[in-house]
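# Coordinate inspection notes
Spelled out from the first residue to the last, the chains are:
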Amino acid sequence: MDRFTEALTLFRGEPLAGLPGPFAQGERQRLSQRQRTLQRERLECLVLLGRSADALDDLAAVSALPESDPYDESLTALRMRALYGIGRQVAALSAYEDMRERLRDQLGVDPGEELRRVHQAVLRRDDEQLLGPAVARSAAPPDRPRPRRAVNELPGDTGRLIGRERELALLAASSPPESVSIVAVDGTAGVGKTALVVHAAGALRVHYPDGCLFVDLRAHSTERQRQCRPRL
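Residues numbered from 1 in each chain as written. Predicted model: local features only at pLDDT ≥ 70, side-chain atom pairs only at ≥ 80, totals over all residues. Heavy atoms only, no water.

### Description of the packing of helix α3 (residues 52-63) against helix α4 (residues 73-85)
Basically, it comes down to this: Helix axes are fitted to C-alpha atoms over the stretch in contact, other axes to C-alpha atoms as well, and angles between N-to-C directions run from 0 to 180 degrees. Under the scheme used here, helices are H or I runs from DSSP no shorter than 4 residues and strands are E runs no shorter than 2 residues, and both carry numbers assigned from the N terminus. A clockwise turn of the near helix away from the far one marks a right-handed crossing, whereas an anticlockwise turn of less than a right angle marks a left-handed crossing. In this description, contact between two residues means that some pair of their heavy atoms is separated by no more than 4.5 Å. Each residue gets one of three labels, nonpolar for Ala, Val, Leu, Ile, Met, Phe, Trp, Tyr, Cys and Pro, charged for Asp, Glu, Lys and Arg, and polar for the others, Gly among them.
Running from amino to carboxyl end, α3 crosses α4 at an angle of 145°, the nearest separation of the two axes being 8 Å. Judged by the sense of rotation from one axis to the other, the crossing of α3 with α4 is left-handed. The segment α3 lies against α4, with S52, A55, L56, L59 and V62 engaging L75, L78, R79, R81, A82, L83 and G85. When the residues that make up the contact of α3 with α4 are grouped by side-chain class, the tally is eight nonpolar, two polar and two charged.

### Some points on the pattern of salt bridges
As a reminder, the rule being used: Here a salt bridge means any side-chain nitrogen of Lys or Arg lying within 4 Å of a carboxyl oxygen belonging to Asp or Glu. Here's how the labels work: a residue is buried when its accessible area is under 20% of the maximum for its type, exposed when over 50%, partly exposed in between, all with a 1.4 Å probe on protein chains only.
Under the defined criterion, the tally for this structure stands at six salt bridges. The closest approach of N and O atoms between D105 and R104, which form a salt bridge, is 3.0 Å. One salt bridge in this structure joins R124 and D126, with 3.5 Å as the shortest N-O distance. Classification of D126 by relative accessible area gives partly exposed; the value is 24%.

### Notes on the nonpolar core
Using the following cut-off: The nonpolar core is taken to be a set of buried Ala, Val, Leu, Ile, Met, Phe, Trp, Tyr and Cys residues, with the residues joined through side-chain atoms within 4.5 Å.
Ranked by size, the top nonpolar core spans 26 residues in total, and within it L43, M80, V122 and L130 carry the most contacts. Here the element with the most residues in this core is α4; it accounts for seven residues. The residues touching L43, leaving out its near neighbours within four places in the chain, are A55, D58, L59, L75 and L78. Residues L154, V198, C212 and F214 belong to the second largest nonpolar core, which totals five residues.

### Some points on the confidence of the model for the protein
The condition is simple: Per-residue confidence from the predictor is reported as pLDDT, which spans 0 to 100.
Across the protein, the average pLDDT comes to 75, with 72% of residues at 70 or higher. Low confidence marks residues 139-143, where pLDDT is under 50. Its contacts with residues over four positions away, or in another chain, come to five contacts. Here residues 224-232 scores under 50 on pLDDT; set against residues more than four positions off or in separate chains, the count is six contacts.

### As for α4
Just so we agree on the cut-off: In a helix, the anticipated span is given by 1.5 Å times the number of residues less one.
For α4, spanning 13 residues, the distance from its first C-alpha to its last is 18 Å, which sits close to the expected 18 Å at 1.5 Å a residue. The buried fraction of α4 amounts to ten of the 13 residues, a majority that puts the element mostly inside the structure. Within α4, burial applies to S74, L75, T76, A77, L78, M80, R81, A82, L83 and Y84. In the segment just after α4, G87 is the residue with positive phi, at about 85°.

### A word on the side chain of S52
Assignment of secondary structure puts S52 in helix α3. Using a relative accessible area of 4% as the deciding quantity, one classes S52 as buried. For S52, the residues in contact, after removing those within four places along its chain, are L46, R81, A82, G85, I86 and L131.

### A look at unusual backbone geometry
One non-glycine residue, R125, lies in the positive phi region at around 55°. As for its placement among the helices and strands, R125 is situated in the loop between α6 (113-124) and α7 (127-131).

### Section: helix α10 (residues 193-204)
Taking 1.5 Å per residue, twelve residues should reach 16 Å; α10 reaches 16 Å between its end C-alpha atoms and fits that length. Taken residue by residue, α10 has L196, V198, A200 and L204 as its buried positions. Looking at the buried positions of α10, the neighbouring elements they touch are α9 (165-172).

Written out as structure tokens, the structure is:
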């Protein structure tokens, strides 16, 4: 891990910047490809070491680079594995769908074998394939059944919620023992229903140790509307 980090610190700016000729151009391409390979190998190590949160931070930095490839399926696969590693299975599946739609709409192709394999592993919750055998075994002591990992599919809760104190109090109110509580939130598109229920779910999460589920119906998303249009 440290060797990858040390190697990447040696890359500073564009290789052979300003030097003309086919040889210099070939070396620039070779060194740039080597840098991308080192970045992916370092990210792979972070996931296998159980440092998925660190991997996500570094993936965000790599994706923000001007030379980043928006169709790089290997980086999407690593992002899915890192999201799964911090308990965000739905976000991992959403990352796959976003890449699948981008490839289909802009290039007219389907995801490759590696990305499809990671997608299936996320659906199956295959810890060993996604996170490696060491991380998969670390959740339980030796010679004992490994406890089921708590599921947290809630999206990130960004910012503060202002002006919904009464509604939030109703949603976060405790239910009587041995009861089942079902609450519906209604309102026009864009008023903040999802933000409200996600915030409330985060407050209630401590009372549900088995996990929290989240399903995005995408009723008003532009992607959903585009998919529903008839094709001639």
